[in-house]
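# A structural walkthrough
Next come the chains, spelled out residue by residue.
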Amino acid sequence: MYNIIPQNDAIIDQIEQLLLQNDLENATYLCQKLLNNQTFTPHQALKVNNLMGVILLDQKQTAEALVYFKFALDLSIQYNEKEEDLLADVHQNLAYCYTISNQTEQAIPHFKQAIICFGQIDKPQALAKVHINLGYAYNQQENFTQALASYEAALQIYLQLDAHNELASLYNNIGWLYNKTGDHDKELFNYQKAESLIVHTQPQPVALLATIYNNIGLCYTKASKYDMSLQYLQKSLQLRQQQYGENHVLLANLYNNMGLCFLRQMKYAEANQYFDKTIAIRNALNEQNHPFYANTLSNMGMCFLYQKQVKAALGCLQQSLDIRLGLFAPHHSDIATNYLHIAQCYFEQNEHQNTLSFCDQALRVLSGSQSSNLQAIDLFNSPEPIRL
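A few points on the structure. Per chain, residue numbering runs from 1 following the sequence as it is written. Restriction of local features to residues with pLDDT of at least 70 applies here, the model being predicted, together with a cutoff of 80 or more for giving and counting side-chain atom pairs; totals for whole chains, interfaces and linings are based on all residues. Side-chain figures throughout are based on the complete set of non-hydrogen atoms in the structure, without hydrogens or water.

## Comments concerning the overall build of the protein
Per the convention used, a helix needs a DSSP run of H or I reaching at least four residues, while a strand needs a run of E reaching at least two, with both numbered from the N terminus. In terms of helices and strands, the protein carries 18 helices and zero strands. Classification of residues uses two cut-offs on accessible area relative to the type maximum, computed with a 1.4 Å probe and protein chains only: under 20% is buried, over 50% is exposed, and between them is partly exposed. When each of the 388 residues of the protein is scored for burial, the buried share is 53%.

This is the structure we're talking about:
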């Protein structure tokens, strides 16, 4: 049984302040001191375990944080905790841990419970963020319909708050999801809404604007409006170069997208020039096992295939497939894309048995995928979960 020690509330308040100041060392010391003493009420125990989880999460110790969040949740159930704010926080933290551990099935019920809790108190900003995180979890499962519903719920809250930067970011994420569902008119509309909200804002959110320019550029690539595409991609590139110089992963993404624009125009020499820049940057950063590295290899493979350099194409596409098989769930649509492209290579070589084999594997993947988008397009800055 826990003993009641009123001064613990003051220590808990102090821990919360230390976390706001990012003083993890002293916050950890005070948390461990309370946990070692075991002299607090169930409500205090719940709060301390939740805070200890937050500290571990800030230290990138996700598995250890999950243990504390689970124990906090068990305490809330055992002692029938009534404080909705605290319950929402525990559920959100637990769900966030599951999400970044790629355990979205376990995350989704906790995000939903956090939404119920936050819905009963006046915290619209926190409620909107949980809706966004739920949308992210659905997106990771390629359940784009549910993801859009969650983002739309967050959008309605941000419209009431008139939060321009948050709205712009959300419109960008909604546009990204419409890309995944293949509705490119709505995709472009949402990117343009995002741009209009922040293009004249001071101080300008440069990183977000660069992302939006990139995504608008990709929309124009898909619409075969290549001059407009390159115009927006160049705008994005200029902002990224101002931020990061020349050897940064975000520049690698942009070079890939510019290469894709030239690839669509059948300007293969220019396309490969930009794909080579992308690969060089990611190699320098030791990011050979990144999904976007796989995207660029896939694009290079198609560039070689269109030039009838089938052996080089197969090498790139097989490497891309190997990366994706190691990173994605078995029914991910990008894996199906790889299988189809490899099938094209074998078809060019009149190897019909291999062609049929890879087509069959693509169909098996697509039978379990909710996406039919087989575009080898690298959209960076896709939605990410948000820490509350």
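Structure's up, so let's keep going.
## Notes on helix 6 (residues 104-119)
Its 16 residues give helix 6 an end-to-end C-alpha distance of 22 Å, which sits within 8% of 22 Å, the value for a rise of 1.5 Å per residue. For helix 6, every residue scored as buried is listed here: Thr104, Ala107, Ile108, His110, Phe111, Ala114, Ile115, Cys117 and Phe118. In this structure, the buried side of helix 6 is in contact with helix 4 (62-78), helix 5 (84-100) and helix 7 (124-140). For a helix, the expected span equals 1.5 Å multiplied by the residue count minus one. Residue contacts follow a heavy-atom distance rule, with two residues in contact if any of their heavy atoms lie within 4.5 Å.

## Topic: the nonpolar core
Nonpolar side chains tend to gather and get buried jointly when the protein is soluble and globular. Definition used in this section: a nonpolar core is a set of buried Ala, Val, Leu, Ile, Met, Phe, Trp, Tyr and Cys residues joined via side-chain atoms within 4.5 Å. In this structure, Ile15, Leu19 and Leu170 are the most contacted members of the largest nonpolar core, which totals 83 residues. Setting aside anything within four residues of it in sequence, one finds leucine 19 in contact with Leu24, Ala27, Leu51, Val54, Ile55 and Asp58.

## Considerations on the packing of helix 14 (residues 268-284) against helix 15 (residues 291-306)
The geometry of helix 14 relative to helix 15 is characterised by a closest axis approach of 10 Å and an angle of 155 degrees between their N-to-C directions. As far as their axial angle goes, helix 15 and helix 14 are roughly antiparallel. By crossing handedness, the relation of helix 14 to helix 15 is classed as left-handed. Taking contact as the criterion, the partners of Tyr268, Ala271, Asn272, Phe275, Asp276, Thr278, Ile279, Arg282 and Asn283 in helix 14 are, on helix 15, Phe292, Tyr293, Thr296, Leu297, Asn299, Met300, Cys303, Phe304 and Tyr306. When residue character is reported, Ala, Val, Leu, Ile, Met, Phe, Trp, Tyr, Cys and Pro are called nonpolar, Asp, Glu, Lys and Arg charged, and the others, Gly included, polar. Across the contact of helix 14 with helix 15, the residue classes break down as 11 nonpolar, five polar and two charged. A fitted line through C-alpha atoms represents every axis, and for helices the fit uses only the stretch in contact; the resulting angles, taken between N-to-C directions, go from 0 to 180 degrees. The cut-offs work like this: below 35 degrees is roughly parallel, past 145 is roughly antiparallel, 65 to 115 is roughly perpendicular, and the gaps in between are oblique. Definitions for this section: a left-handed crossing has its near helix turned counterclockwise from the far helix by less than a right angle. A right-handed crossing has that turn clockwise.

## A closer look at the side chain of glutamate 187
Summarising the element assignment, glutamate 187 is placed in helix 10 (residues 184-198). Whenever two N or O atoms come within 3.5 Å, that pair is a polar contact, provided that in protein one can donate a hydrogen and the other can accept it, and provided that, for residues adjacent in sequence, both atoms are side-chain atoms. There is a polar contact of 2.8 Å between the side chain of glutamate 187 and the side chain of histidine 184.

## Some words on the packing of aromatic side chains
Only the six-membered ring of Trp is used, alongside the rings of Phe and Tyr, when aromatic pairs are assigned; centres must lie within 6.5 Å, and planes under 30 degrees apart are stacked while those over 60 apart are edge-to-face, with the rest tilted. Counting across every chain of the model gives seven aromatic pairs. Consider the rings of tyrosine 213 and tyrosine 232, whose centres lie 5.7 Å apart with planes at 55 degrees: the pair is tilted. Of this pair, tyrosine 213 sits in helix 11 (residues 206-222) while tyrosine 232 sits in helix 12 (residues 226-244); the two residues are 19 residues apart in sequence, bridging distant segments of the chain. Taking relative accessible area as the criterion, tyrosine 213 reaches 8% and is therefore assigned buried. Classification of tyrosine 232 as buried rests on a relative accessible area of 11%. Ring pairs connect the aromatic residues Tyr213, Tyr220 and Tyr232, which therefore count as one cluster. Positioned above the aromatic ring of tyrosine 232 is the side chain of lysine 235, whose terminal nitrogen or guanidinium carbon lies 4.7 Å from the ring centre. We count a charge as sitting over a ring when the NZ of a lysine or the CZ of an arginine lies within 6 Å of the ring centre and within 35 degrees of the ring normal.

## Concerning helix 9 (residues 164-181)
When the terminal C-alpha atoms of helix 9 are compared, their 26 Å separation across 18 residues agrees well with the 26 Å that a helix rising 1.5 Å per residue should span. For helix 9, the buried fraction is high: 13 of the 18 residues fall into the buried class. Just downstream of helix 9, glycine 182 is the residue with a positive phi angle, here 85 degrees.

## Observations regarding the environment of methionine 266
Topologically, methionine 266 is positioned in the loop between helix 13 (249-264) and helix 14. Accessibility expressed as a relative area gives 60% for methionine 266, which makes it exposed. In this structure the C-alpha to C-alpha distance between methionine 266 and glutamate 25, which are 241 residues apart in sequence, comes to 56 Å.

## A look at unusual backbone geometry
In this chain, glutamine 202 is followed by proline 203 through a cis amide linkage whose omega measures -5 degrees. Residue placement: proline 203 occurs in the loop between helix 10 and helix 11. At lysine 308, a residue that is not glycine, the phi angle is positive and equals roughly 65 degrees. Note on placement: lysine 308 falls in the loop between helix 15 and helix 16 (310-327). By relative accessible area, lysine 308 is classed as exposed at 54%.

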